[in-house]
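Report on the structure
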Amino acid sequence: MEQNQEEKTIQIAGSITVDELSQALGLSVTELIGTLFKNGIVATINQRLDYETAQIIIDELGLKNVKLEKKNTATKTSDYHRELSDKAVLRPPVVAVMGHVDHGKTTLLDTLLNKKTVDDEAGGITQHISAYQLKYNDRLITFLDTPGHEAFAAIRQHGALLTDIVVIVVAADDGVKPQTVEAINFAKSANAKIIVAINKIDREGADIDRTKADLSSHGLQPEEWGGDITMVPISAKQNQNLEELLDMILLTADIEELKADVDIPAEGLVIESHMETGKGSVVNLLVTGGELKTGEFVVAGSTYGKVRTMLDWKGKPKGKATPSTPVTITGFKDLPNFGDRFMEAKDEKTARKMALLNAQAAANETANANVTSTDLLRMMNVADNSKVFNVIVKGDVLGSVTSVVDNLKLIDTHGEITLNIVSSGVGDVNENDVYMAAGENTVIYGFNVNVPINISKMAARDNVPIRTYRVIYELLDDAKKEMENLLDAEIIEEDKGEMKVLGVFRTEKTSIIAGGEVLKGDVKPGFLARVVRDKKFIGEAEVTSTQKEKMDVPELVAGETGGLALKTTSKIDLQINDRLVFFTRETKKRTL
């Protein structure tokens, strides 16, 4: 890895996330997570590392020019924008269109993009984030149409975090509404630049000045009133002043000098994902850095895949996506979560390993869990020889899922079994669950949920066990038995007797006939025998019969002389004066 010889100082206040550290070091998150993995740390981009752990990792990377400093005050958590290199290039702005329901957000985009989607939405309300790209004055602008209905507040907040500029649409005849205020707050929390589009100025009752005053009372002061917020009166329906709005978006982008690195592994964010028959997982991504190409491997959260197809927002094939570009891809083995950060991986093996690490870390980390230097040193020095029990947990409500997962983790396996929560979630067992479990020796546990008939058939076909329970202790008992089955059986040996060999009558490849004196204990057919010569182990055999005076007898006891037949797995050169040490061996199933 090439290093900038100029010394770099990184300040850490208490702890730092993997994402923040990678940005500060100028490394890809993939490379840093890989280094953590080599040192025994299972981490995601949001895992927090303490000062000492960060120092150890920097030492492991051999970064002599990086200096860490402890900072007493908390630093602001960084967002998705990484520290740029001097090779960064200008990129299109990413613009989120937000506002109150029915104030004309989607109509505005439809007019700009010359398409009709409003009638296709449920009740005319945007149900998910949709991404588009417009070319204006030979420049690209990426738009995100975000839900306005109150039920989608969390999605709308993610939308703000994805963007550089937020266009807040306010109807001139309706004014500021609760979701308008939410949009304002989200935009401010995301440090995005705000432009207000005062829509529906063609309607009766439209009052632009009253709307500006309303906005001013909520912290958005118009430029013409001495403030810093650009407000453009428009009519999305009548295509009025939309070019002026686009000019202001590009002007704002120029002032911000929006840039991105392209000479890095591709990365970005998951906008939305769903399953389609015949296509599998269909995922909408927004590229924020690097160049994503078809055929590359990508990781997002606990899933990964190879980019099989890539389409632009119009559904046309696209071979490469640059920063600020929205694309729809297929190829993920499972659906990534909305808001997951995706990263390019160099090959399938790396992608699979990173996805597994993310899944394990997500299942095991708590909200405020930090990886400490003590944990790191312990993990670096302890080899993980445990066996893995993979489970998928589905529950009726989040509380049920959390309870099941927490109780599974409390099963004491004495360090011999590693519990791997492949995934967990609310709802009935579905196709994705079976898909994730197939071929991975994974048990799907359902708590107070149903298994549709078609899913049961699919699971039977793929040999995926699905077990549903309505009593948590029954579920835990089943999991405990499954883990016990993974334990190596306990081998119990019991000494029975000893014989001195006085004669060897026949030696073949897999059998021996010999005679001798029983020195102690007894010998019976079925006993095992170790052949010992001058205290050295020569081989092992099984007693098939015992004789006395050429007659079969059930046993020979101490003080008796007799013969015996031995069965061997390979030829043993038994000699006079060798000792036969008799014993029994049994395996016992272990319990937890």
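Residues numbered from 1 in each chain as written. Predicted model: local features only at pLDDT ≥ 70, side-chain atom pairs only at ≥ 80, totals over all residues. Heavy atoms only, no water.

The helix and strand tally for the chain stands at 14 helices and 33 strands. Taking all 592 residues of the chain together, the buried fraction comes to 47%. Of the contacts made within the chain by residues no fewer than 6 positions apart, 71% connect residues no fewer than 24 positions apart. When the accessible surface of the chain is totalled, it reaches about 29500 Å², and 47% of it is carbon and sulfur. (Helix = DSSP H or I, 4+ residues; strand = E, 2+ residues; numbered from the N terminus. Buried < 20%, exposed > 50% of the residue type's maximum accessible area, 1.4 Å probe, protein only. Contact = heavy atoms within 4.5 Å. Areas by Shrake-Rupley, 256 points an atom, 1.4 Å probe, with all protein chains shown as cover.)

Quick look at helix H3 (residues 51–61) now. Residues separated by three or four positions in an α-helix point in the same direction, a consequence of the helix having 3.6 residues per turn. Turning to H3, its buried residues are Tyr-51, Thr-53, Ala-54, Ile-56, Ile-57, Ile-58 and Leu-61. The first or second residue beyond H3 is Gly-62, which carries a positive phi of 70°.

This part takes up the pattern of salt bridges. Oppositely charged side chains can form a pair if their charged atoms are brought close together. In this structure the tally under the stated criterion is 23 salt bridges. The partner of Arg-341 in a salt bridge is Glu-267, with the nearest N and O atoms 3.0 Å apart. Of this pair, Arg-341 sits in strand E20 (residues 341–345) while Glu-267 sits in strand E13 (residues 267–276), and the two are 74 residues apart along the sequence. With respect to burial, Arg-341 and Glu-267 carry one shared label: buried. Taking the shortest distance from any N to any O, the salt bridge between Glu-508 and Arg-506 comes out at 3.6 Å. Assessed through its relative accessible area of 44%, Arg-506 is described here as partly exposed. In the salt-bridge network here, residues are joined through shared partners; they are Glu-493, Arg-530, Glu-540 and Arg-585. (Salt bridge = Lys/Arg side-chain N within 4 Å of Asp/Glu carboxyl O.)

The next point concerns the side chain of Asn-390. Residue position: Asn-390 is located in strand E22 (residues 387–395). Reaching out from Asn-390, the side chain makes a polar contact with the side chain of Asn-420 at a distance of 2.7 Å. (Polar contact = N/O pair within 3.5 Å; in protein donor to acceptor, adjacent residues only side chain to side chain.)

With that out of the way, let us pick up unusual backbone geometry. With a phi angle near 55°, Asn-239 is a residue other than glycine that sits in the positive phi range. Considering the arrangement of structural elements, one finds Asn-239 in the loop between strand E11 (230–233) and helix H8 (242–256). The backbone of Asn-577 shows a phi angle near 80°, a positive value even though the residue is not glycine. Among the structural elements, Asn-577 can be located in the loop between strand E32 (561–568) and strand E33 (579–588).

On average, residues of the chain score 81 in pLDDT, and 84% of them are at 70 or above. Residue range residues 148–157 is modelled with pLDDT below 50. Its contacts to residues more than four positions away, or to other chains, number 25 contacts. The low-confidence segment residues 377–385 (pLDDT under 50) makes 8 contacts with residues lying over four places distant or belonging to another chain. (pLDDT = per-residue confidence, 0-100.)

Let us look at the sheet that holds strand E7 (residues 130–136). Pairing is mixed across the open sheet formed by 6 strands, whose spatial order is E7-E8-E6-E9-E10-E11. Of all the strands in the sheet, the pair left with one neighbour each is E7 and E11. Neighbouring strand axes in the sheet, compared pairwise and without regard to direction, differ in orientation by 25° on average. In this structure, strand E9 (residues 165–171) lies alongside strand E10 (residues 193–199), joined through 7 bridges in parallel fashion. Bridge pairing in E10 links Val-169 to Ala-197. (Pairing = 2+ DSSP bridges. Axes fitted to C-alpha atoms, helices over the stretch in contact; angles between N-to-C directions.)

Counting residues in each nonpolar core, the largest one holds 31 residues, and the members touching the most others are Ile-10, Leu-21 and Leu-25. At the level of secondary structure, the elements contributing two or more residues to this core comprise strand E1 (8–12), helix H1 (18–25), helix H2 (29–38), H3, strand E4 (66–70), strand E16 (297–300), E20 and helix H9 (348–364). Ranked by residues supplied to this core, first place goes to H3 with 5 residues. The contacts of Ile-10, once residues within four sequence positions are left out, are Ile-16, Leu-21, Ala-24, Leu-25, Val-66, Lys-67, Leu-68 and Glu-69. (Core = buried A, V, L, I, M, F, W, Y, C linked by side-chain atoms within 4.5 Å.)

Attention shifts here to the environment of Asp-573. Secondary-structure assignment places Asp-573 in the loop between E32 and E33. For the pair Asp-573 and Val-504, spaced 69 residues apart in the sequence, the C-alpha separation amounts to 9.6 Å. Separated by 3.2 Å, the side chains of Asp-573 and Gln-575 make a polar contact.

What follows is about the packing of aromatic side chains. Applying the stated criterion to the full structure yields 2 aromatic pairs. Aromatic side chains Tyr-132 and Trp-313 sit 5.5 Å apart centroid to centroid with 90° between the ring planes, which places their arrangement in the edge-to-face category. Of the two residues, Tyr-132 sits in strand E7 while Trp-313 sits in the loop between strand E17 (303–311) and strand E18 (320–321), which places them 181 residues apart along the sequence. Overall, Tyr-132 belongs to the buried group, its relative accessible area being 10%. Both rings, one in Tyr-445 and one in Tyr-469, keep their centres 6.5 Å apart while their planes meet at 40°; by these two values the pair is tilted. Taken together, the residues span a long stretch of sequence, with Tyr-445 in strand E24 (residues 442–447) and Tyr-469 in strand E25 (residues 466–469) at a distance of 24 residues. Like Tyr-469, Tyr-445 is buried. (Phe/Tyr/Trp six-rings, centres within 6.5 Å; stacked < 30°, edge-to-face > 60°.)

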